[in-house]
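Listed below are the residues making up each chain.
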Amino acid sequence: MTVFSRRGVLGLLGGAATLPMLGGPALANTKINVGALRFTSHAPSFVAFERGYFAEEGLDVEFKFFQAAQPMAVAIASGDADYAVTAISGGLVSLAEKGATKVIGGALSEEPGIDGQMILASNAAFEAGLTEAAMLDGKSFATTQAGSSFHYMGSKIAGAENASVSFKPLQKVGAIIGAMKSGQVDAWTIVPHIGKALAGAGAVQHIGMVSDYIPDYQVTTVFTSAANAANERAKTEAFLRAFSKGADDFNAALVDKTAGDDAAEEMVTLIHKYVYTDRPYDKAAPSIRNGAMRINKGAALNMGSVEDQLGWFKSEGLIKNSITTETLVDPSYVEMM
């Protein structure tokens, strides 16, 4: 994770309008920091940077990379990052309740017909009978932190199967992968560019799909500080325009596959600058292609999914019952689905 100053932010943790797409850049060399994970699902930001869409909007972008959602939310609230894409977490909601952060759009989504997040079992658990999600009762389930997207997905899946599971917070995705490989934890959910690679190598077993339990799940959102959302409209709209252009290119090349084989290869090459950088291209390319899930056009936000997630947080006692979608979301920037 990139080092950043928290500046006291950790103390905070305890009518849609269509995104304007016309007009020239109103900014000139405005420096912004963009938070990201080294996942294929963060590709729109990488594409917008590499293809000059941020620059066209007058934005001088520097990336800050993280390994989990919650520290990214802290960085946004503290001003150490200006915009970011990540899952809704308990920490993000709590910061929004304190007036520090706002969700301004949607990004990665589960969509029927497109391979999405996978439910995985460790080899040891699989051999002991965890051959499908219906067999989760009594098993352990990996998360990064309490209130993370992994916690949400695991709880929803277990609830649908009337299963009792124990959640193990392991902080980082890398630590979870190690625990799954060694059999220290029984089950986990993860995006396909990681899940398919692990299952294909025989390191874990694929036992189900998240979309079978949480259809139309708004997996990640675009968010910023409440101050940016309220007071930096031109900059925020510029970021969303550039991000949305990157998403269009990504979807056409790797999701809808309407841009042709050359465009797909070019897209994978671009993403490889940021994802699986420790692997040679020929080893990284299949995993990057496997991670191609839908990024919402125009950064539209699925409010039904956001409401479901907030309802789950409340049911688990992770956020206050008084928190509403208005607390978390500024609906004035993009289409609300």
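Above this text is the structure in question.
Below, the structure is looked at part by part. (Residues numbered from 1 in each chain as written. Predicted model: local features only at pLDDT ≥ 70, side-chain atom pairs only at ≥ 80, totals over all residues. Heavy atoms only, no water.)

With respect to the nonpolar core
Within the largest apolar cluster, 113 residues are counted, with the highest numbers of intra-cluster contacts made by Trp188, Ile194, Phe239, Phe250, Leu254, Ile271 and Leu328. In terms of residue count, the dominant contributor to this core is helix H10 (residues 233-255) (10 residues). With residues near it in sequence (within four places) discarded, Phe239 still touches Ile32, Val34, Phe54, Leu59, Tyr83 and Val222. (Core = buried A, V, L, I, M, F, W, Y, C linked by side-chain atoms within 4.5 Å. Buried < 20%, exposed > 50% of the residue type's maximum accessible area, 1.4 Å probe, protein only. Helix = DSSP H or I, 4+ residues; strand = E, 2+ residues; numbered from the N terminus. Contact = heavy atoms within 4.5 Å.)

Side note on the pattern of salt bridges
Tallied over the entire structure, the rule returns 14 salt bridges. With its nearest N and O atoms 3.1 Å apart, the salt bridge here joins Glu237 to Arg233. Residue Glu237 and its partner Arg233 are both found in helix H10; the two are separated by four residues, about one turn of the helix. Two residues, Glu265 and Arg289, come together in a salt bridge whose shortest N-O distance is 2.8 Å. (Salt bridge = Lys/Arg side-chain N within 4 Å of Asp/Glu carboxyl O.)

Examining the sheet that holds strand S3 (residues 83-86)
Strand pairing in a sheet relies on backbone hydrogen bonds, with the paired strands running either antiparallel or parallel. Read across the open sheet, the five strands follow the order S2-S1-S3-S10-S4; overall the sheet is mixed. The two strands at the open ends of the sheet, each matched to only one other strand, are strand S2 (59-65) and strand S4 (101-106). Looking at each pair of strands side by side, their axes are set apart by 25 degrees on average, direction ignored. Summarising the sheet, strand S1 (residues 30-36) and S2 pair through seven bridges and their orientation is parallel. From the neighbouring strand, Ile32 faces S2, where its bridge partner is Val61. Running over the sheet, helix H1 (residues 43-50) touches S1 and S2 and is turned about 140 degrees from S2. Running at roughly 160 degrees to S3, helix H3 (residues 69-78) makes contact with S1, S3, S4 and strand S10 (221-225) of the sheet. (Pairing = 2+ DSSP bridges. Axes fitted to C-alpha atoms, helices over the stretch in contact; angles between N-to-C directions.)

Quick look at the pairing of S3
Of the two faces of S3, both are covered, the one formed by Tyr83 and Val85 as well as the one formed by Ala84 and Thr86. Looking at chain direction, S1 and S3 are connected through two bridges and run parallel. Pairing of Val34 across the sheet is with Tyr83, part of S3.

Looking at the packing of aromatic side chains
Under the counting rule described, the total for this entry stands at 14 aromatic pairs. When the ring of Phe54 is compared with that of Phe239, the centres are 5.6 Å apart and the planes differ by 15 degrees; the resulting orientation is stacked. Of the two residues, Phe54 is situated in helix H2 (residues 53-56) and Phe239 in helix H10; the sequence distance between them amounts to 185 residues. On the basis of relative accessible area, Phe54 is assigned to the buried category, the value being 1%. By the ring-pair criterion, three or more aromatic residues cluster together here, those being Phe46, Phe49, Phe63, Phe65 and Tyr274. Here the guanidinium or amino end of Arg279 rests over the ring plane of Tyr276, the centre of that ring lying 3.9 Å away. (Phe/Tyr/Trp six-rings, centres within 6.5 Å; stacked < 30°, edge-to-face > 60°. Lys NZ or Arg CZ within 6 Å of the ring centre and 35° of its normal.)

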